[in-house]
Amino acid sequence: MSTRLTLRRRSLRLFDIGAAVLFFGVFAQQTELPQAATTALSELAAQGYRIPSEDDPVRVFPALTGGDFSGHHAGGWRPGSIYLRQHPQGALSETIYLRHELFHEVSHRSCGGRMPGWAEEAAAMHFSGELADLEPSAWPSDAELQGMKTRISHGAELDANDRSLLGRLVVDAGWPKEPCSQSAKLSELLGGAFDQAGGHAYLLMSLLSGRILERGGDIDSRQPPGSLLKIPYAAALKHANPEVLSSELAASDTDKLAQRHEYFQTERYRLLLSPFREQKLPVQTTPADRQTWRTYLGERNADGDFALQSSLPELALAMRAALLSKPEYFRGLSQNGLAPSSTLFGQNAADKKLLRQLQALAKTGTVSTSDGQPLVGHLLLAWPATHPVFLAIFRQRGMSGAAVLSKAAPVLKSWQQNYPARFATVRVRLLTPTDPASWEARADCPELDGSLGRFTLCGQFHIVSTARGSRSERLVSGILRQTAGNGPTVLETDVETYVDSVLAAEAQNLTGSGREAMRAVIAWNGSHGSHRHADSGSLCDTTHCMVFLGELPSDKPRRSSRIDIELMQLLDKLAVETGLNWLPFANGGDQRWQRQISANELQHIFAENQILEIRRERRKDGALFIRLTYPDNEEAISCEVFRNTLKLPSCPDTVQNVGNQAWGFQGIGAGHGLGLSIVRAQALAEAGRSAEQILRDAYGQSR
């Protein structure tokens, strides 16, 4: 009785398993395949895998040739469905291929994508029985392995040669029976797709200058950007309706974007992507070559590889160039997450609200396996949409680009507080005698132009300057804009770069909390300086006690630094209390000085045959100038330029003609003595005062 009951229970269990696999077409009339399916699922259940059930079955269909399933395929799988060829070619039977595809189904249900693609394929080959007749052989050479290892590292689908080689490896190394496990020996040898990508990585870059402001995780590993390549693709279109194009980009609609090939400028695209050191773009292609053409949009080529891979800094520079090149094409990306067809529509409402608060343009990019499993996800953001000044890229392994938003949200909240857009930009009117023809881009950093102005791929321009008081050679980072009527050129740059340059010119030896205070003052003046030249919304690069000489040419990367927002907010308060719209500072000190310079030396310095008069002037806005009178004309020079040219400690209080042979200059301390004294700030810092206390001492009402 007990034996009969056991057999009956076993029969019922097999019947339940059999109902978990539904056969269609010609397979519905066969008995051999259902029996093979029942046996296979029983074995997999015994190993601990989660198998299909009557309520959640897997369906088996007869395969037709055509599309992705061609004549040389014997079986195929996608979640919930198996496709088999009746009477397959070769020595293996339909049941072997059924067992193989059933393993993929239960692995999908049980392992959640934790196994690398090659490992799941190896386990399916081992389980199916297709390796049963293979004998162990000599271990493959490095040359034999290299092609497969490269394809695995790029997440490409294995081809017939790879599968044959993988079968040899499994026979030689063996395979564990535990669910979702893999051979330790082969794992060490073959790795997985984008193993080197690490986990979560991100960077924040100034869209204006290309300077990296913050970074986290592994930003140096090279990965394919996926659909982020649609951004430079769009920027390379000669003509497009911005509203329609933005909608296609937000939906990441590859088919519609590919149809715009008539207006695609290949060389422009290659130029925008020149920050990528590793490129395998086809030399020439035509729209008829559909697969190759789609590589421009971030998809795999015919070999399953990617034509372009990049580090995050390279990717950010390329995206920056594209956004600056055609800004009107991308403003509609602010609707990503709002429009039902957009890639971020299904994401968390609170995270999408954060994007709206930032007024962010958003684009996603996902690299997936052939069956749609995400390998690497990217999220690109630029904000504010009306005039973007920040660019951020997030990368996450094993996640879609849209899902990366949940990882990015906490970082974005921090940036929202630490990098307010109102303190992000400085506009500097460059010295007018500087010849614009001398503004050169390096050979490895070509220049582009867009509706916003001139810019380079790396963010920097090299300048050879003839302007009085300027360095003869310097670098400036940002976008150059010519004012109306061939007026002076204005550089728009990020506040951190501006502060570093002014600090190097004005207070390079200041340290500690005194340096923090000085950085805040320079940043506040720079971001509030548009009133200095109302016609161009800029300040001068030699504004009184704010000398901006650009960066010295250097091979060293620019250091990351951040302005303390709490100090900036304190200066907002102090400026209101004291009625200041400009915060003066100087080297300070009370040491009196005097200098005497011969008339001949002055005439040589200012390239004039004779100087008749030198006069000190203060204008209504408080700015100090020195007026020089010559026999045929005269000129007014900023006192800061004048004293720097003559290497005087400060702007002179008095100027006297000492006979016909010399001019005498007298002053006190270094600088003009108003506002923050650099000498005093250093002394206060060494006495233990904080940056806040130093600023209150310099600009408080008691001063």
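Residues numbered from 1 in each chain as written. Predicted model: local features only at pLDDT ≥ 70, side-chain atom pairs only at ≥ 80, totals over all residues. Heavy atoms only, no water.

Participant: Quick one: what's the story with empty space enclosed by the protein, residue by residue and with numbers?
Facilitator: As enumerated under the stated definition, the model contains three cavities of 30 Å³ or more in all. Lining the second largest cavity are 10 residues; nearest its centre among them are Leu676, Ser677, Arg680, Asp697 and Ala698. At the level of secondary structure, the elements contributing two or more residues to the lining of the second largest cavity comprise strand 30 (676-677), helix 21 (678-686) and helix 22 (691-699). Taken together, the residues of the lining of the second largest cavity sort by class into five nonpolar, two polar and three charged. (1 Å grid on protein atoms, 1.4 Å probe; cavity = no way out; pocket = protein on both sides within 12 Å on 5 of 7 lines; lining within 4 Å. Points joined across faces, edges and corners; volume = space filled by probe spheres on them. Helix = DSSP H or I, 4+ residues; strand = E, 2+ residues; numbered from the N terminus. Nonpolar A, V, L, I, M, F, W, Y, C, P; charged D, E, K, R; others polar.)

Participant: Quick rundown of the packing of aromatic side chains? Include the residues and the values.
Facilitator: Scanning the entire structure with this criterion turns up 20 aromatic pairs. Judged by centre distance (5.3 Å) and plane angle (85°), the rings of Trp293 and Tyr296 are edge-to-face. Of the two residues, Trp293 and Tyr296, neither departs from the other in class, the shared state being buried. Their ring planes at 40° and their centres at 5.6 Å tell us that Trp383 and Phe390 sit as a pair that is tilted. (Phe/Tyr/Trp six-rings, centres within 6.5 Å; stacked < 30°, edge-to-face > 60°. Buried < 20%, exposed > 50% of the residue type's maximum accessible area, 1.4 Å probe, protein only.)

Participant: Help me get a handle on the pattern of salt bridges, residues and values and all.
Facilitator: Tallied over the entire structure, the rule returns 26 salt bridges. For the salt bridge of Arg168 with Glu144, the shortest nitrogen-to-oxygen distance reads 3.3 Å. Here Arg168 is found in helix 6 (residues 160-173), whereas its partner Glu144 is found in helix 5 (residues 142-153), with 24 residues between them in sequence. A relative accessible area of 25% places Arg168 in the partly exposed class. Taking the relative accessible area as the measure of exposure, Glu144 reaches 41% and is therefore partly exposed. Taking the shortest distance from any N to any O, the salt bridge between Arg294 and Asp255 comes out at 2.8 Å. Remark: Asp255 occurs in helix 10 (residues 254-258) and Arg294 occurs in helix 12 (residues 290-294); sequence separation between them is 39 residues. Residue Asp255 is classed as partly exposed on the basis of its relative accessible area, which comes to 43%. (Salt bridge = Lys/Arg side-chain N within 4 Å of Asp/Glu carboxyl O.)

Participant: Outline the state of the cysteines, supporting the account with residue identities and numerical values.
Facilitator: In total, this model carries two disulfides according to the counting rule given. Note on cysteine connectivity: Cys445 is disulfide-linked to Cys458, with sulfurs 2.1 Å apart. Around the S-S axis, the bridge from Cys445 to Cys458 shows a dihedral of about -95° and counts as left-handed. With Cys445 in the loop between strand 13 (439-440) and strand 14 (447-450) and Cys458 in the loop between strand 15 (453-456) and strand 16 (460-464), the pair connects residues that are 13 residues apart, well separated along the chain. Taking relative accessible area as the criterion, Cys445 reaches 0% and is therefore assigned buried. (Disulfide = S-S within 2.5 Å.)

Participant: Before we move on, can you summarise the sheet that holds strand 25 (residues 613-618) with the specific residues and values?
Facilitator: Taken in spatial order, the three strands make up an open sheet running 25-26-27, and their pairing is antiparallel. In this open sheet, the two edge strands, each paired with only one partner strand, are strand 25 and strand 27 (634-638). Pairs of neighbouring strands in the sheet enclose a mean axial angle of 25°, with direction left out of account. Relative to strand 26 (residues 624-629), strand 25 runs antiparallel, the two being bridged by six bridges. The residue of strand 26 that forms the bridge with Arg615 is Arg627. The strands touched by helix 20 (residues 639-646) within the sheet are strand 25, strand 26 and strand 27, with strand 27 carrying the most contacts at an inclination of about 90°. (Pairing = 2+ DSSP bridges. Axes fitted to C-alpha atoms, helices over the stretch in contact; angles between N-to-C directions. Contact = heavy atoms within 4.5 Å.)

Participant: I'd like a description of unusual backbone geometry, backed by residues and values.
Facilitator: Omega for the bond connecting Trp383 with Pro384 falls within 30 degrees of zero, at -10°, which places this linkage in the cis form. Tracing the sequence through the fold places Pro384 in the loop between strand 10 (374-383) and strand 11 (390-397). Positioned with a positive phi, Ser252 is a non-glycine residue whose angle comes to about 55°. Among the secondary structure elements, Ser252 is positioned in the loop between helix 9 (242-250) and helix 10. Backbone geometry places Ala607, a non-glycine residue, at a positive phi of 55°. Its place among the elements puts Ala607 in the loop between helix 19 (599-605) and strand 25. Judged by relative accessible area, Ala607 falls into the exposed class, the value being 65%.

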